[in-house]
Amino acid sequence: MEGLEGQVLALLAEVCGEPRVAGELELDLYGENLMDSFALVQLLEGLEERFGVEIWPTQVGREEFATPRKIVELVQRAADPTRRLAP
């Protein structure tokens, strides 16, 4: 996988310490105990550093970070200046 999606998934795998998150896009990160508040902060910092995307947990709900696919979609929306994060 290349491009933004691949880079986001690589970062997510690094933060979660679990390579399978890059290949299992519907993996329940909370249910598998791969995402917690500490991992979320690390992910958000990494997204800002690597992609210049600033996402605040208060902008979106916890469910937006539930699966790798949802995180990729969130970053794609955040990186697109014509779209908003929150409804």
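The structure under discussion appears in the preceding block.
An account of the accompanying structure is given in this report. Keep in mind that what you see is a predicted model, and the values were worked out from it rather than measured.

1. Section: the nonpolar core
In step 1: Met35, Leu43, Ile55, Phe65 and Ile71 are the most contacted members of the largest nonpolar core, which has 28 residues in total.
In step 2: For this core, the elements supplying multiple residues, two or more each, are α1 (3-16), α2 (37-51) and α3 (68-79).
In step 3: Considering each element in turn, this core owes the most residues, 7 residues, to α1.
In step 4: Excluding anything up to four places from it in sequence, Ile71 contacts Val8, Leu12, Leu29, Met35, Leu43, Glu64 and Phe65.

2. Side note on the pattern of salt bridges
In step 1: Using the criterion set out here, one finds 6 salt bridges in the structure.
In step 2: The partner of Glu24 in a salt bridge is Arg20, with the nearest N and O atoms 3.7 Å apart.
In step 3: Judged by relative accessible area, Glu24 falls into the partly exposed class, the value being 35%.
In step 4: Here the residues in one salt-bridge network are Glu18, Arg20, Glu24 and Glu32, joined through shared partners.

3. So, the side chain of Arg77
In step 1: Examined against the element boundaries, Arg77 turns out to sit in helix α3.
In step 2: At 3.1 Å, the side chain of Arg77 forms a polar contact with the side chain of Glu64.

Conventions used here
Here the residue index of a chain counts from 1 through its sequence in written order. Where totals are concerned, whole chains, interfaces and linings use all residues; where local detail is concerned, this predicted model gives features only for residues with pLDDT of at least 70, and gives and counts side-chain atom pairs only at 80 or more. The side-chain figures draw on all heavy atoms in the structure; neither hydrogens nor water molecules are used. The nonpolar core is taken to be a set of buried Ala, Val, Leu, Ile, Met, Phe, Trp, Tyr and Cys residues, with the residues joined through side-chain atoms within 4.5 Å. To sort residues, take the accessible area from a 1.4 Å probe on protein chains only and compare it with the maximum for the residue type: under 20% means buried, over 50% means exposed, and anything in between is partly exposed. Numbering of helices and strands starts at the N terminus; helices are DSSP runs of H or I of at least 4 residues and strands are runs of E of at least 2. In this analysis, two residues are considered to be in contact whenever any of their non-hydrogen atoms come within 4.5 Å of each other. The rule for a salt bridge is simple: a side-chain nitrogen of Lys or Arg has to be within 4 Å of a carboxyl oxygen of Asp or Glu. We define a polar contact as two N or O atoms separated by no more than 3.5 Å, with the added condition that, inside protein, one atom must be a possible hydrogen donor and the other a possible acceptor, whereas residues neighbouring each other in sequence contribute only through side-chain atom pairs.

In short, geometric facts, not functional conclusions.
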